[in-house]
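Fold and contact review
In case you want the letters, here they are:
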Amino acid sequence: MANDVNRPKQFTEHASTIQAQMVTVEIEGKPFQVPAGITLMKAMWYAGKDVVRGAGCLGGFCGACAAYYRTKNDPKVQTCLACSKAVEEGMSFSFMPAFPARKAIYNIQSLKDPKQDLFELYPEAPLCRNCNACTEACPQKINVREGVWKAVFGDFQAVSDMFMDCVMCGMCTPVCIADIAPNLVAVYASRAQGAHFTDKPEGLGQRIQDISNGKYQQDWDRILQLSDEDLQKTSAAIL
Amino acid sequence: MDIIAQHNLVHQTRDARRAIDFPKLSPAERDSLIKKYHPDHRAQAYRPIKFGPNAGELTVTEVATLLEGDSPLPADLSLEPKYSVDVLVVGGGGAGCAAALHAHAEGANVLLATKLRLGDSNSVMAQGGMQIAVAPDDSPVQHFLDTLKGGHMKNDHDLLKVMVEDGPTIAQWLLELGVLFDRQEDGNLHVKKGGGSSKARLLTCSDYTGLEIMRVLKDEVLNQKIPLLEFGAAVELLSDGKGACTGAVLQDLDNKRYVVVAAKTVILATGGIGRLHIQGFPTSNHFGATGDALVLAYRMGAPLVQIDTFQYHPSGGVYPEQLVGALVTEGIRSEGGHLVNANGERFVNELDTRDVVSSSIIKECEEGRGIRTAAGRLGVWLDTPLLDVEHGPGTLDKHFPAMVRQYERYGVDIRKDPVLIYPTLHYQNGGVKIGVNGETSVANLFVAGEASGGLHGRNRLMGNSLLDLMVFGKRTGLTATARAKSLSQGALTLDHVTKFRAEAKRHQVSSGLTSPMVLPAYTRQVS
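Computed from a predicted model, the values in this text were never measured in an experiment. (Residues numbered from 1 in each chain as written. Chains lettered and ligands numbered in written order. Predicted model: local features only at pLDDT ≥ 70, side-chain atom pairs only at ≥ 80, totals over all residues.)

**Quick look at the overall build of chain B**
For the record, the criterion: The way it works is that DSSP assigns letters per residue, a run of H or I at least four long becomes a helix, a run of E at least two long becomes a strand, and they are numbered from the N terminus. Exposure in this text rests on C-beta crowding, where 20 or more other C-beta atoms within 10 Å of a residue's own make it buried, 12 or fewer make it exposed, and counts in between make it partly exposed. The C-beta atoms are placed from the backbone. By definition, residue pairs are in contact when their C-beta atoms, positioned from the backbone, come within 7 Å.
Per the secondary structure count, chain B includes 15 helices and 20 strands. Along the three orthogonal principal directions, the C-alpha set of chain B runs to about 70 × 55 × 45 Å. Counting every position in chain B, which comprises 527 residues, the buried fraction comes to 61%. Summarising the internal contacts of chain B: among those between residues at least 6 apart in sequence, 75% fall at separations of at least 24.

Given below as structure tokens:
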């Protein structure tokens, strides 16, 4: 049986238009008819809008397409990644513009006391007033507020665990009434955790030494002088 | 059979499947399966390139057309430089960041230009991990042999040897910058087994390895205050009129103006080709994966290698529609996830190489053992709940938080139900031909990462891409810097473009297409 669907003919990013059911959405306040169920990003393209600022990995990892949306009759404005959220009837959405957050500049390796240095680099971090807006704004569902406090109290391990999902979209920042950029605080704490509070893996050091001491030279000499045929046999013998 | 009954069949057959050890194919069986089903072997998708360094060689129509495309630049463009630097790095993914950081550390005056934002790349999406031979029972030689076998023995030995040998020092560099690789109890690096590898060799940061590395590298590029030009797409290289590269013309995507950069050396790190949708495949790639470096280097006279082979990752999403083409990490199969057809049967060893697994999925679907979605797409099951059965409840939550979240957004719980997958266009196996320091056959023009070719042979092994980016990003950064120190800035001309246009005319190329593509044209033409 020929696979006439997946055996490709012409790929189109709006393939789901075949399904025909349409919904009305508002993009930046203007109504458009778009196919039901497509992502907000695809709805932009369908509506005839070029996206340059706002499109990135298209897989939910880069945070380029941070967007605000509201569903029909609900006053609550929510956040999402436009590449990873489906449109629905009556939805209204806009992309978030680049936000001018302040990033501290530091040399991660030469920090003397990283947990104390946090207060020099991000003096606003301990001024959190617990409004929880950052947590509510996070499209990755990270407990951002708690993460900021963990950083302030020096529990960098917890910060790095909590923020492993962070795509750096920055939606936690414009909502902060204390002018904290929680994602930037978290990157600092995570990097400091890795660079200063994590053991050096002994096996890795040993392997680097072995390579520079020529431990594998004999193996290389043997392998690299093999004919293509013998090399193939050697490779094939590995399970 | 409806989809619920299909689901149930996966649940019902799970225990029986667990009892079976599915053997890997012999080399002869692999070859015949690939020749029959792998998209690289569909002759009608290929044509010879009409002119240029690879004239007469076959590649897919999409790539051939771009390579033969015209430069977008007007012949009378003013070449007055706006920037003058030692090293111009084009591309802000893993290879570009690694190149810029190493060049900067060696004292080069660097400009990093990228057509989207810093870090918007495929690198950020790499979930499976990074292969580095660090385990006691492993060695760089073993890594070399595994990669060679995966690449069908067609890998460039010199490139491959430096990659596997540089690996451990790359791991050390990343650890020093604060990358949090998963650890064993004893503090050593935790290693996972990847498809096609004989040893557990994947370093991971849960299923966010690429994201974690890129968060750190981006932060470091900003900390080092490396001059950055975002939304600046390279659309042409500059030559001194004697064959050496002397800079590039960028286009500022915010105002469409051309920006001329005089550079003693240029490093192209612009990634791969997924967004060309070769043979109509959906893709796992980021928005900017349009093969720009291939076009730029080719017009300048740099030969490409193995540009007829692409990687179709076995597990692209099929359902829900929003996830069509999106990557389902190979890590699921690494930890024992089965592939299951419509009859509830396994049909391949899930840890065979990507080309073998993809070919076998295409075979199942073409022979009527695929599962069809309401939207009419075909796929096979990936038994995700098996992981919690096999390794205990919570395994998926702990090891694959990104994937759990990705599906949860659309109401699919991968802990309870399997997901449908089909191969997705994932990686350009070949690319611009380079030497061990990333230099092309054009003097002072370097290429690093996916844009380059030769290292991976005809099929890249899982986890070798992140290492490729770091190793050759570093090598190009260091070599370009050393070179720049011995050079004075050469003349800025478009002589190579004039020559290329004459060649195109001679070969009667009249597609009217300009390249590089820069971004795919997804915007619907609304009348």
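**Remarks on helix α6 (residues 157-177) of chain B**
To be explicit about the condition: A helix's residues, less one, multiplied by 1.5 Å, set its expected span. Note that the bend at a residue is defined as the angle between axes fitted to the seven residues ending at it and the seven residues starting at it.
Look at α6 of chain B: 30 Å from first C-alpha to last across 21 residues, which is about the 30 Å you get at 1.5 Å a residue. Of all the bends found along α6 of chain B, the most pronounced is centred on G167 of chain B and spans about 45°, while P168 of chain B, a proline, follows it within four residues. Among the residues of α6 of chain B, L159, L160, M163, V164, E165, D166, G167, P168, I170, A171 and L174 of chain B are the ones counted as buried. Its buried side turned inward, α6 of chain B meets α7 (202-212) of chain A together with α5 (140-150), β7 (200-203), α7 (209-223) and α14 (464-485) of chain B. Following α6 of chain B by one or two positions, G178 of chain B has its phi on the positive side, about 105°.

**Points about the nonpolar core**
Applied cut-off: By definition, a nonpolar core groups buried Ala, Val, Leu, Ile, Met, Phe, Trp, Tyr and Cys residues that are joined through C-beta atoms within 7 Å.
Residues V185 of chain A together with V87, L88, A248, V266, I267 and A297 of chain B are the most contacted members of the largest nonpolar core, which totals 223 residues. Dropping the residues within four chain positions of it, I267 of chain B is found in contact with V87, V89, V90, A99, F446, A448, T476 and A480 of chain B.

**Details of the sheet that holds β7 of chain B**
Stated precisely, the cut-off is as follows: Two strands make a pair as long as DSSP finds a minimum of two bridges between them.
With antiparallel pairing, the three strands of this open sheet are ordered in space as β5-β7-β6 (chain B). Single-partner strands in this sheet number two, and they are β5 (130-131) and β6 (191-193) of chain B.

**As for the environment of I332 of chain B**
All names here are of chain B. Inspection of the secondary structure assignment puts I332 in helix α9 (residues 331-334). Exposure remark for I332: the 28 C-beta atoms within 10 Å place this residue in the buried category. For the pair I332 and T384, spaced 52 residues apart in sequence, the C-alpha to C-alpha distance is 7.0 Å. If near-sequence neighbours (up to four positions away) are discounted, I332 is found in contact with G337, L382, T384, L387 and F400.

**Structural notes on the packing of α6 of chain B against α14 of chain B**
Residue and element names in this part refer to chain B. Just so we agree on the cut-off: To get an axis, fit a line to the C-alpha atoms, keeping to the stretch in contact for a helix; angles then go from 0 to 180 degrees between the N-to-C directions. Put simply, angles under 35 degrees are roughly parallel, angles over 145 are roughly antiparallel, angles from 65 to 115 are roughly perpendicular, and the rest are oblique. In the scheme used here, Gly and all other residues not listed as nonpolar or charged are polar, with Ala, Val, Leu, Ile, Met, Phe, Trp, Tyr, Cys and Pro taken as nonpolar and Asp, Glu, Lys and Arg as charged.
Where α6 meets α14, the axes come as close as 9 Å, and the angle between the chain directions of the two elements is 85°. Relative to α14, the element α6 lies roughly perpendicular. Side by side, α6 and α14 meet where V162, M163, D166, G167 and I170 of the first sit next to L467, D468, M470 and V471 of the second. Its residues assigned to classes, the contact of α6 with α14 comprises six nonpolar, one polar and two charged.

**Description of the pairing of strand β17 (residues 419-428) of chain B**
Consecutive residues of a regular strand have side chains that alternate between opposite faces of the sheet. Residues and elements named next belong to chain B. With ten of its ten residues buried, β17 lies for the most part within the structure. Of the strand pairs in this sheet, strand β13 (residues 310-317) and β17 are connected by six bridges, and their pairing is antiparallel. Bridged to Q311 within β17 is Y427. Sheet analysis places strand β16 (residues 378-383) next to β17, joined by three bridges and oriented antiparallel. In the strand pairing of β17, W381 is matched with L420.

**Some details on the domain arrangement of chain A**
Residue and element names in this part refer to chain A. To keep it simple, the criterion reads: Each domain's extent is set by a domain assignment, obtained either automatically or from a database.
As far as domains go, chain A holds domain 1 (18-95) and domain 2 (108-196). Counting residues at the interface gives seven residues for domain 1, matched by seven residues for domain 2. Top contributing element to the side of domain 1 that touches domain 2 by residue count: strand β4 (residues 78-81), with three residues.

**Digging into the sheet that holds strand β20 (residues 452-453) of chain B**
Residues and elements named next belong to chain B. In spatial order, the strands read β12-β18-β20; together these three strands make up an open sheet with mixed pairing. Where the open sheet ends on each side, the last strands, each with one partner, are β12 (304-305) and β20. Each of β12 and β18 (431-433) touches helix α8 (residues 292-299); the most contacted strand, β18, lies at about 35° to it.

**Some thoughts on the domain arrangement of chain B**
Often the size quoted for an interface is simply the accessible area lost on bringing the parts together. Residue and element names in this part refer to chain B. Each assigned domain of chain B is listed here: domain 1 (3-37 + 312-425) and domain 2 (83-309 + 429-495). For domain 1 versus domain 2, the distance between C-alpha centres works out to 30 Å. On the side of domain 2, 22 residues touch domain 1, which itself brings 24 residues to the contact. Among the elements of the structure, β13, α9, α10 (354-366), α13 (401-408) and β17 are those that each provide at least two residues to the side of domain 1 that touches domain 2. When the residues that make up the side of domain 1 that touches domain 2 are grouped by side-chain class, the tally is ten nonpolar, nine polar and five charged.

**Let's talk about the interface of chain B and chain A**
Contacts between chain B and chain A engage 75 residues on the former and 73 residues on the latter. Mapped onto the side of chain B that touches chain A, the elements with two or more residues apiece are α5, α6, α7, α10 and α13 of chain B. The leading source of residues in the side of chain B that touches chain A is α6 of chain B, at nine residues. Of the residues belonging to the side of chain B that touches chain A, the class tally is 39 nonpolar, 21 polar and 15 charged.

**Here's the deal with the packing of helix α4 (residues 94-105) of chain B against α14 of chain B**
All names here are of chain B. Applied cut-off: By convention the crossing between two helices is left-handed if the near helix lies anticlockwise of the far one by an angle smaller than a right angle, and right-handed if it lies clockwise.
Two elements in contact, α4 and α14, have axes separated by 7 Å at closest approach and are oriented at 35°. In terms of crossing hand, the pair formed by α4 and α14 is right-handed. When α4 is examined against α14, the residues G94, A95, G96, A98, A99, A100, L101, H102 and A103 are found in contact with a partner set consisting of L466, L469, M470, F472, G473, K474, T476, G477, L478, A480 and T481.

**Here we look at the confidence of the model for chain B**
Regions with low pLDDT should not have their predicted coordinates read in detail. The following threshold applies: Values of pLDDT, which run from 0 to 100, indicate the predictor's confidence residue by residue.
Considering every residue of chain B, the mean pLDDT works out to 95; 100% of them sit at 70 or more. This complex was scored by the predictor with a pTM of 0.95 and an ipTM of 0.94.

**Overview of the pairing of strand β10 (residues 245-252) of chain B**
Residues and elements named next belong to chain B. In terms of residue burial, β10 counts as a mostly covered element, since seven of its eight residues are buried. Summarising the sheet, strand β9 (residues 232-239) and β10 pair through seven bridges and their orientation is antiparallel. Considered in β10, the bridge of A233 is made with Q251. Connecting the antiparallel pair β9 and β10 is a turn made up of five residues, with G241 showing a positive phi of about 85°. Where β10 meets strand β11 (residues 258-268), five bridges bridge the pair, whose relative direction is antiparallel. Each residue of the ladder has a partner; that of A248, found in β11, is V261. Between β10 and β11, which pair antiparallel in sequence order, lie five residues; one of them, K256, sits at a positive phi of approximately 65°.

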